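# Report on the structure
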Amino acid sequence: MADAHAKHHDYHLVDPSAWPIIGSVAAFLLAVGLISWMHKLYAAAPLVFAAGALGVLYTMIGWWRDVINEAERKGDHTRVVQISHRYGMILFIASEVMFFVAWFWAYFSTALFPADLHHIARTELFGGVWPPKGIETFDPWHLPLLNTLILLTSGTTVTWAHHALLHDDREGLKWGLICTIALGLTFTAVQAYEYSHAAFHYSGHIYGATFFMATGFHGAHVIIGSVFLIVCLARAYAGHFTPKHHLGFEFAAWYWHFVDVVWLFLFACIYVWGSGPHVPGAGGH
C-alpha cells in the first residue's frame, strides 16, 4: 500500500502551497497603499502600504525556504526538474529584457525626434533639441563612469565565486559573494548620492521621467539582485550548493550579469549619447 504513493519519475509535482495567494494579496495591498499614499487619498494609506510590504517580505522568506527545502532535504530538484527551472529563469530574464526595452523605446522616441513634425508640441517643449533646453545633464565621466566600473567589477567577482564553487572552493565562493554584494551595495549608495544631486526632477518634462524610470528601475533590480546574492551567501555558509547542484547560485549569477548588461546600455545611451554638451558645475558635481 505504501508503494502506491512512491515516486517513480524524475518530475516534481509541487505540493499545495498558500504562498501564491498570500503573495498576491500582499502585493495588492502594497500597490493600493503606495498609490493611495502618493495621492493622499486617506490617512491609513501608509499602514496599508506597510502591511503589504511586510506581507511580501514574509512571502519571499517563506517561499524561498520551501524551495530550498525541496532542493536540499527532499531531493525534488532532479536533473529533469533543473532543466525546467533553467528554461523558466531564461524566460523570466527575457521578460525583464522586454521590460527595459519599453523604457528605452520611450526615451529614444523623444530623443531621436525632438522636433517631430507630427508632434508639434515637442518643438515647443524641447526647443527642437535633445536634451531639452534648460536641462543640465550629468557628466557621464564622473559618477556614472564610477558606477559602471563598480558594476563591471562586481560581474568579475560573481564569476570568481562561480568558478570557485565549480572547483569546490568554499572560501573562494564566500569571498566572491561578499565582494559582489559589497560592490552592489556601493553602486546603490553612489546612485542615491547621484540622484540627490540631480539638477532636474522626475515631474515636469519627459527627460526627467524617462531618465528616472529607466535608471531607477535598474537600481531597483540591483537591490533585488543584492538580496538574491545575500541569500546565496547565507546558503553558502549553511553548507548548501555543490559543484554539480547549485541552481540558486547559478540563477543569481545570471540575474546579476543581466543587470550588468542593462547598465552598459543605460550608460552608453542615456548618460553618454544623451548627455548633450556638458556644462561645468552641472548635475553630477
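As shown above, the structure is provided for reference.
One structure accompanies this document, and this report is about it. (Residues numbered from 1 in each chain as written. Predicted model: local features only at pLDDT ≥ 70, side-chain atom pairs only at ≥ 80, totals over all residues. Heavy atoms only, no water.)

## Quick word on the packing of aromatic side chains
The test is simple: Stacked, edge-to-face and tilted labels apply to pairs of Phe, Tyr and Trp rings (six-membered ring for Trp) whose centres lie within 6.5 Å, assigned for plane angles under 30 degrees, over 60, and everything in between, in that order. Strands are runs of DSSP state E lasting at least 2 residues, helices are runs of H or I lasting at least 4, and numbering of each runs from the N terminus. For every residue, the accessible area (1.4 Å probe, protein chains only) is compared with the maximum for its type, and the residue is labelled buried under 20%, exposed over 50%, or partly exposed between those bounds.
Inspection of the entire model under this criterion finds 30 aromatic pairs. Their ring planes at 80° and their centres at 5.0 Å tell us that Tyr195 and Phe212 sit as a pair that is edge-to-face. Within this pair, whereas Tyr195 is found in helix α6 (residues 170-196), its partner Phe212 is found in helix α7 (residues 206-237), the two being separated by 17 residues in sequence. Its relative accessible area of 24% is what places Tyr195 among the partly exposed residues. Each member of the aromatic cluster is reached from another via a ring pair, and the members are Phe138, Trp141, Phe187, Tyr195, Phe200, Tyr207, Phe211, Phe212, Trp263, Phe267 and Tyr271.

## Some points on the side chain of Thr157
What counts, and what does not: N or O atoms within 3.5 Å of each other form a polar contact, as long as, within protein, one can give a hydrogen and the other can take it, and as long as residues adjacent in sequence are counted only when both atoms are side-chain atoms. Any two residues whose heavy atoms approach within 4.5 Å at even a single point are treated as in contact.
Structurally, the position occupied by Thr157 is in helix α5 (residues 143-166). One polar contact links Thr157 to Thr180, side chain to side chain, over a distance of 2.7 Å. Leave out the neighbours within four places in its chain, and Thr157 touches Gly176, Cys179, Thr180 and Leu183.

## Quick look at unusual backbone geometry
Positive phi, normally seen in glycine, also occurs at Lys40, with a value near 55°. Of note, Lys40 is situated in the loop between α1 (19-39) and α2 (45-72).

## Section: the pattern of salt bridges
As a reminder of what qualifies: Here, a salt bridge means any Lys or Arg side-chain nitrogen found within 4 Å of an Asp or Glu carboxyl oxygen.
A full pass over the atoms with the stated rule returns 4 salt bridges. Between Glu72 and Arg235 there is a salt bridge, with the nearest N and O atoms lying 3.0 Å from each other. Note that Glu72 is positioned in helix α2 and Arg235 in helix α7, a separation of 163 residues in sequence.

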